[in-house]
Amino acid sequence: MVLRWGVAGAGRISHDFVIAVQSAYPKDHKFVAVAARSEDGATTFAKDHGIPKAYGGYEKLAMDPDVDIVYVGNLNTQHFSTCKMMLEQGKHVLCEKPFTMNEKQTRKLIELAKSRKLFIMEAVWSRCFPVYHEAKRIMDSGEIGDVLFAAVHFGHALQHVERLTSVQMGGGAILDLGVYMLQFQQYVFRNLKPLHVAVNGHLNRAGTDESCGAVITYPDGKMAVVSTSARVALPNEGVIVGTKGTLKIPDFWCPTRLITPNGVKEYPLPRSEKPYLHHNSAGLCYQAEEARKSILSGQIECPHMTHAETIELARLMDLLRKEMGVTFPEDSQEF
Ligand SMILES: NC(=O)C1=CN([C@@H]2O[C@H](COP(=O)(O)OP(=O)(O)OC[C@H]3O[C@@H](n4cnc5c(N)ncnc54)[C@H](OP(=O)(O)O)[C@@H]3O)[C@@H](O)[C@H]2O)C=CC1
Ligand SMILES: O=C1OC[C@@H](O)[C@H](O)[C@H]1O
């Protein structure tokens, strides 16, 4: 089955996503339409990527009968309303991270998708990389023993990026980058519930978080130490420590290498003719294929990033923000 995609938001990540999917899977995935707030924005994007239809306004995309699934690539603050609109018109959805602004919005969207029997997934692309599948296999096999410790320090110097520093645009290090460090430790400790989360960090002048660190403890001596900064580059390596050995994942959010006690495993990315805007964006293709496989087999969630995990991720981000004193207008919004 060919999966027919629509794209909501003609910005930077949508650009990379379309190139990645078109390059990796020219037959099984087709982009049939793109929508932007302005018709000009959509038309330019459509021309650049060979997409047949361009809409000024997301509503027209939601109404297009030729679209099976919509990739939502607009601002964090727009994810909830855009996803809701698409689900209400019967579209499956792959929504960029962070899924929404908070746990309340997240639960609402997932309820809606379930009630309509539609697929929805938070685009935590990391989870769909071959490195994550292999690291999971190794953890499950017992090769590194009992996994007791996970660490990751994820930072980029991003003060120049407006959507990241502004409250109105749903900014902050936690929602933009912290989502990755939290999903990483969640991936390591799977379905365990934290016993305690200790949090600290700094705010910027606009009142959003520019850095944040957390120590998360789990039962049976397990713990994670995670930190993020939108001001400086950090090592960006995920570390998983077991009683018999350690796994290291350089570029843990979009990895191509896994360092194991038995050597280094390499997983090169698919090639593309066109340049990307972000590091390792070719790997954005894997989540698209996971979405296709799930939809084909009648699943409404992806096994690598389940609804329960998306809800837990939102709960943890809310908790970190609360500890830091960061609130958004969406937090007091009623439905
Ligand atoms: N997976 C990954 O590696 C990455 C994911 N992301 C995520 O993707 C999303 C978009 O990020 P990115 O592509 O960098 O963002 P952009 O700044 O490129 O903006 C994306 C879209 O958001 C809308 N938008 C931008 N600015 C405004 C504004 N001032 N007011 C209203 N709408 C606006 C526009 O939609 P339109 O075209 O409809 O006008 C724009 O095309 C975020 O949620 C981010 O977290 C971002 C980078 C990497
Ligand atoms: O998802 C992301 O990953 C890479 C970062 O540079 C970017 O800000 C973020 O949105």
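Residues numbered from 1 in each chain as written. Chains lettered and ligands numbered in written order. Predicted model: local features only at pLDDT ≥ 70, side-chain atom pairs only at ≥ 80, totals over all residues.

- As recorded in an unreviewed UniProt entry, the protein goes by the name Trans-1,2-dihydrobenzene-1,2-diol dehydrogenase, listed as coming from Callosobruchus maculatus.
- For the record of the protein, the UniProt heading Sequence similarities (unreviewed entry) holds the text "Belongs to the Gfo/Idh/MocA family." (UniProt positions renumbered as here; feature names shortened; annotations may be inferred.)

1. Considering the site of ligand 2
For step 1, the next point in the chain: Around ligand 2 sit His156, Leu158, Asp176 and His278, and that is every residue in its neighbourhood.
For step 2, the next point in the chain: A class-by-class count of the residues in the shell around ligand 2 yields one nonpolar, two polar and one charged. (Near = placed C-beta within 6 Å. Nonpolar A, V, L, I, M, F, W, Y, C, P; charged D, E, K, R; others polar.)

2. Description of the packing of helix 8 (residues 173-189) against helix 10 (residues 307-324)
For step 1, the next point in the chain: Contact geometry for helix 8 and helix 10: axes closest at 10 Å, N-to-C directions at 125°. Relative to helix 10, helix 8 is oriented oblique. Considering the relative orientation of helix 8 and helix 10, their crossing is right-handed. In contact with Ile174, Leu175, Gly178, Val179, Leu182, Gln183 and Gln186 of helix 8, helix 10 contributes Glu309, Glu312, Leu313, Leu316, Met317, Leu320 and Arg321. (Axes fitted to C-alpha atoms, helices over the stretch in contact; angles between N-to-C directions. Helix = DSSP H or I, 4+ residues; strand = E, 2+ residues; numbered from the N terminus. Parallel < 35°, antiparallel > 145°, perpendicular 65-115°, else oblique. Left-handed = near helix turned anticlockwise from the far one by under 90°. Contact = placed C-beta atoms within 7 Å.)

3. Points about the domain arrangement of the protein
For step 1, the next point in the chain: By domain assignment, the protein separates into domain 1 (3-125) and domain 2 (130-266 + 307-323).
For step 2, the next point in the chain: Domain 1 and domain 2 are separated by 26 Å when their C-alpha centres are compared.
For step 3, the next point in the chain: Counting only elements with at least two residues in the side of domain 1 that touches domain 2, the list comes to helix 4 (76-88) and helix 5 (103-116).
For step 4, the next point in the chain: Here the side of domain 1 that touches domain 2 takes four residues from helix 5, the largest share from any one element. (Domains from an automatic or database assignment.)

4. Structural notes on the nonpolar core
For step 1, the next point in the chain: Counting 101 residues, the largest nonpolar core has Val34, Val93 and Ile120 as the members making the most contacts within it.
For step 2, the next point in the chain: Broken down by element, this core gets its largest block of residues, twelve residues, from helix 8.
For step 3, the next point in the chain: Residue assignment places this core across two domains, with domain 1 (3-125) and domain 2 (130-266 + 307-323) each supplying three or more. (Core = buried A, V, L, I, M, F, W, Y, C linked by C-beta atoms within 7 Å. Buried ≥ 20, exposed ≤ 12 C-beta atoms within 10 Å, placed from the backbone.)

5. Section: the pairing of strand 14 (residues 263-266)
For step 1, the next point in the chain: In this structure, strand 13 (residues 257-260) lies alongside strand 14, joined through four bridges in antiparallel fashion. Bridge pairing in strand 14 places leucine 258 opposite lysine 265.
For step 2, the next point in the chain: Between the antiparallel neighbours strand 13 and strand 14 lie two residues. (Pairing = 2+ DSSP bridges.)

6. Topic: helix 4
For step 1, the next point in the chain: With 13 residues, helix 4 ought to run about 18 Å at 1.5 Å a step, and its terminal C-alpha atoms sit 19 Å apart, in line with that.
For step 2, the next point in the chain: Among the residues making up helix 4, those that are buried are Asn76, Thr77, Gln78, His79, Phe80, Thr82, Cys83, Met86 and Leu87.
For step 3, the next point in the chain: Positive backbone phi, at 85°, marks glycine 90, one or two positions downstream of helix 4. (Expected span 1.5 Å × (residues − 1).)

7. Describing the UniProt feature "domain: GFO/IDH/MocA-like oxidoreductase" (unreviewed entry) in the protein
For step 1, the next point in the chain: In the numbering used here, UniProt assigns the feature "domain: GFO/IDH/MocA-like oxidoreductase" (unreviewed entry) to residues 132-247.
For step 2, the next point in the chain: The straight-line gap between the two end C-alpha atoms of residues 132-247 is 11 Å; of that span, 27% is helix and 37% is strand.

8. Focus: the environment of tyrosine 132
For step 1, the next point in the chain: Relative to the helices and strands, tyrosine 132 resides in helix 6 (residues 130-141).
For step 2, the next point in the chain: Tyrosine 132 gets classed as buried once you count the C-beta atoms within 10 Å, which come to 23.
For step 3, the next point in the chain: Residues tyrosine 132 and glycine 325, spaced 193 residues apart in sequence, show a C-alpha to C-alpha distance of 33 Å.
For step 4, the next point in the chain: Among all residues touching tyrosine 132, those that are not within four sequence positions of it are Ser126, Arg127 and Tyr187.

9. Considering the packing of helix 4 against helix 5
For step 1, the next point in the chain: Close contact between helix 4 and helix 5 brings their axes to 10 Å; oriented N to C, the two are set at 10°. By the angle between their directions, the pair helix 4 and helix 5 is classed as roughly parallel. Residues Phe80, Cys83, Lys84 and Leu87 of helix 4 lie in contact with helix 5, whose contacting residues are Gln105, Leu109, Leu112, Ala113 and Arg116.
For step 2, the next point in the chain: Tallied by class, the residues present in the contact of helix 4 with helix 5 amount to six nonpolar, one polar and two charged.

10. Topic: helix 9 (residues 285-296)
For step 1, the next point in the chain: Over its twelve residues, helix 9 extends 17 Å from the first C-alpha to the last, a length consistent with the 16 Å expected when each residue adds 1.5 Å.
For step 2, the next point in the chain: Buried residues of helix 9: Cys285, Tyr286, Gln287, Ala288, Glu290, Ala291 and Arg292, and no others.
For step 3, the next point in the chain: Those residues of helix 9 that are buried lie in contact with strand 1 (3-8), helix 1 (12-24), strand 2 (29-36), strand 4 (69-72), strand 5 (92-96) and strand 6 (120-123).
For step 4, the next point in the chain: Immediately downstream of helix 9, the backbone of glycine 298 shows phi near 80°, a positive value.

11. Considerations on the sheet that holds strand 1
For step 1, the next point in the chain: If you trace the six strands from one edge of the open sheet to the other, you get 3-2-1-4-5-6, paired in parallel fashion. Taken across any chain shown, the strands that pair with only one partner, and hence form the sheet edges, are strand 3 (53-56) and strand 6. With strand direction ignored, the average angle separating the axes of adjacent strands in the sheet is 20°.
For step 2, the next point in the chain: Two strands pair when backbone bridges link them, and strand 5 and strand 6 are joined in this way by four bridges, in the parallel orientation. When the sheet's bridge partners are listed, glutamate 96 is paired in strand 6 with alanine 123.

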